[in-house]
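Report on the structure
If you want the building blocks of each chain, they are given just below.
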Amino acid sequence: MKEEDLDRLLRSRERRPPLASFTEVERRLARGRLWPLVPAMAVVGAIVIGLIAGLALPDLRQRVAQQTASPSPATEAVGICARTRQRVLGMTALVDRAGRVAVKRMSAQDFMDAPTGAFPVQVTWRSPGSTFLCVVAVAGELRQPSGQVEPAPPKWVVFVAVAGSDDPIGSQFSSSGDWPTYFDALPDRRGEPYPGDVVEIVDPQTLRVKLWSPMLSQEFGNPATVRADKFTAITPSAPTIAATGVKVGDRVDVSFEREGRDPTSGAYPLAILQLRGVPPVAANSGVLEVDGWRFTVSVVRDPAYGPKPSAGAWAVSEVAGVGVRCAWTRAGPDAGAVVDQWGIPERVASSAGYSGRTGASGDRQSGIPEGAVRGNVATMVCGLRDSAGAHGVAIDLTIPSVGHDASIRLSRWSGSLRPPQCPGQLPQLTVAHPPPPGDQPGTGAASAEEAFRRAYPAITEFTMFPFGTDQPTRDPQVIKQGPAWIVTGTDTFIAQYIGPSGLNSWSAHPAKFVRCMDPPSRPSPTPTISPTDCSAVVQAVVPPTATLYPTRTAAEVTGGLKNDPYFRRTLEDIAGVRQDANPLRDAGVPRCAIEALTTGDPVFVRRYPSDAGVWYVPVNYGDRQVLLVTVGRNEGGLGASGGSIGGGGDPGGAFPPMIRAKAMQLAGTSTDAAVLAELVFARAYESGPERVAWRIVRASGAVFYVFPGYPGAGADGLLLPESEVSLGS
Amino acid sequence: MRSGSPQAQARSLTGEALDWRYVYERFGPELSAFVYRLTADEEVAKDLVQDTFVKAIRRQGTLADHTAVRAWLYRIAANVVMDWRRRRALLSFVPFIGSEHAPERSSDTAALVRQALRSIPAAQAVALILTYHEGFSRSEVAAMLALPEETVKTRIARGRKSFEASYLRLQRGLAG
């Protein structure tokens, strides 16, 4: 068909079918609203209320889905915010008459960066740059939300929702002014294509793209298959996608149609494809290929990084203004299941929930992790673990200073953990001890290696490092001064001796590196008992295996500890009964003064949802805490002293690190108060080290977690919804 | 003033509240043609135009600039039609619905155009009609549908291709 004929057909005038009378329209209006009330929004409480994504939302979504006619924009990916707009306007319980309505789409990062004043966002995003939000502002006749305290009715409201999912993040009602002035300053990215990474070039016109946005990935596939044709606007201009020189791992921005999906390939037709490529490697970047994986690491300078909780945990960094981006790609086929690895060499965490990761590529941006900084160098690990093992890079980042930019040096990392190095400082370890057998002079092993083999006969492959070096060796002559750091897979141990080295005094213990710390100041002891008096102290005889006793209640724990030989041994070490110098010796406690040591109230931390867990019991000298001992409780309600935290002048920290009342206050709201609180072991963001957290249950049943002392989170700790937390070991 | 002149329209539409009876009489017929072209069913078109106005009246507060009422009505109508097409696509899998009017079948060119438009993706059909039949510019269509202009451009281009193929197929079917 000729073009002009086609034009003529399309331009041909259509007849106008008869209209119904306007009275019929009025009749329909009178029959009721098109969109019924959305009663779930009545939960929106005070004048300024933040709703955590996902809270009560399934119900809301379900009701809205059931009660509203699905409005327009399912026809285009970029019109995703139109749906949010319709939902907001359908909230007839709150919006009587909308006088002015405006919608914008932006990344969560955009929103956080904008001067939104007191907007109550309580949500932290794992990938704020790739999480898209719809922001809807409505001015007009609005109803007061229940619980509103202002005398005047609100004149405007701003709703923020996750694009595509309609999960409300928060809302702000106000009677101040006629319009939210900050809204006008917000960026609007509705017309912009979505970013993603090329994971496969299927053919010259078809790509598989991992979209950065988890919501879009969920809807269109992870990765999404997109196809160009002659109508696709390709930048840089080229006849086909392949002709642009695009490579796997390149970043692209895409806009595509929902409709017209190819039934065979499942490819969506592309409207826009913009090739962004991989940024050139800068001086403060590095590239290293490891086992067929290409790692590109760069320094990210962004004021959002640092110890500030408002930016979210992704931005928590030991170095203010500095983060690291680590991207990896695989040249071959998708490796299937891989697990993201990130952390410091001594403590690498598997963060399977990290969003920017597939079996073929990964891209994460993180702050400098806790414990990475030693002097002016931060050392961390970025990698992945597949069925063949761990592959990755150890990143040595020279911390930028005035006049000097950051620099990066990459080296191969294959999953082996390196011993902690703390020049000028001491490594703080969490050691589980005493580990029978062999923790008494003369009953242990003759060397570090023998002690480890004896304690863990099932582990045959391990690497030993004399403490303070990263040169592996098992030579007893080299390790004779102890202790030795032992690495096997992702587990780490320490071997040390009690009494003279070599006289069957070596024992091995599970040990995890925590951080480097300054040597504790040693208060000058004022011994009231001479060393010779220790001869009068009857030392505990520690059996090779622990005898469990009831530890279901605090009283049982306190009672059981009195006869617990392991606990008694701990007290002896604090008081220097056997040796004045030992890791637990507290110089402020008179030598041999065991009876002067008392225990405080045990506090239980549950391994939710089981009944098992750990009791933390402070050991005090006078009104000063000396350390914390831990007492296990298995599911049968039995346990024994299993280790200690602190020692050597380190009191082990206050426990619990935040009082219950404050945790409940932080996690509750005026309309949905916290009703239950208990301490549990949990991981924030499903990754990282396990921490002690308050598990809070609100009156509505919603569950939140407060992580006291979370790095960079400030005095209020880190508040996370249940969906962002993983439990269990 | 109820003149059909653009000036009169602007004056009458910039008041405090819209005279909806006037707006209905003024724009209803052309919206009816627009919807009819997309649905190829008179009864459905009549029904959907009413839907369009009910929705518009309900949301009149969201119209910041009353002079833009025509484009705004087209936007609502386009969404109403696309919703209807989606629902209809779902219903077509359910037997014995019975209440749907059978689409027209005619050798008339206009009917073929309607049938061809109805058989291509709704988003493409809307872009084609708004551009060629209603005379909106590409940028106006983009603003109306909250889309990048490039997307509208590709929809029009793909729509032309789809429309041509569909039209020729229908034509051959009738001839055969």
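Remember, predicted model here, so these are calculated numbers, not experimental data. (Residues numbered from 1 in each chain as written. Chains lettered and ligands numbered in written order. Predicted model: local features only at pLDDT ≥ 70, side-chain atom pairs only at ≥ 80, totals over all residues. Heavy atoms only, no water.)

1. With respect to the packing of helix α2 (residues 20-39) of chain B against helix α5 (residues 109-119) of chain B
Residues and elements named next belong to chain B. The N-to-C vectors of α2 and α5 enclose an angle of 70°; their axes lie 6 Å apart at closest approach. Regarding the angle of α2 to α5, the classification is roughly perpendicular. Counted together, Tyr-36, Arg-37, Leu-38 and Thr-39 of α2 and Val-113, Arg-114, Leu-117 and Arg-118 of α5 form the full contact between these two elements. Its residues assigned to classes, the contact of α2 with α5 comprises four nonpolar, one polar and three charged. (Axes fitted to C-alpha atoms, helices over the stretch in contact; angles between N-to-C directions. Helix = DSSP H or I, 4+ residues; strand = E, 2+ residues; numbered from the N terminus. Parallel < 35°, antiparallel > 145°, perpendicular 65-115°, else oblique. Contact = heavy atoms within 4.5 Å. Nonpolar A, V, L, I, M, F, W, Y, C, P; charged D, E, K, R; others polar.)

2. Examining the side chain of B:Glu30
Structurally, the position occupied by B:Glu30 is in helix α2. Setting aside anything within four residues of it in sequence, one finds B:Glu30 in contact with A:Arg16, B:Arg70, B:Tyr74 and B:Glu134.

3. With respect to the packing of aromatic side chains
Residues and elements named next belong to chain A. For the structure shown, the criterion picks out 19 aromatic pairs over all chains. Arranged with centres 6.4 Å apart and planes meeting at 80°, the rings of Trp-156 and Tyr-182 form a pair that is edge-to-face. Of this pair, Trp-156 sits in strand β4 (residues 156-162) while Tyr-182 sits in helix α6 (residues 181-185), placing them 26 residues apart in sequence. Trp-156 sits in the buried class, given a relative accessible area of 6%. For Tyr-182, a relative accessible area of 12% corresponds to the buried category. Each ring, one from Tyr-616 and one from Phe-655, has its centre 4.1 Å from the other, and the planes form 15°; the classification is stacked. (Phe/Tyr/Trp six-rings, centres within 6.5 Å; stacked < 30°, edge-to-face > 60°. Buried < 20%, exposed > 50% of the residue type's maximum accessible area, 1.4 Å probe, protein only.)

4. Focus on the nonpolar core
Judged by nonpolar contacts, the single largest core of 60 residues is most densely connected at B:Trp20 and B:Phe163. If we ignore the near neighbours within four places in the chain, the residues touching B:Phe163 are A:Leu6, A:Leu9, A:Leu10, B:Val113, B:Ala116, B:Leu117, B:Ile120 and B:Leu128. In this structure, A:Cys134, A:Ala163, A:Tyr194 and A:Phe220 belong to the second largest nonpolar core, which totals 38 residues. (Core = buried A, V, L, I, M, F, W, Y, C linked by side-chain atoms within 4.5 Å.)

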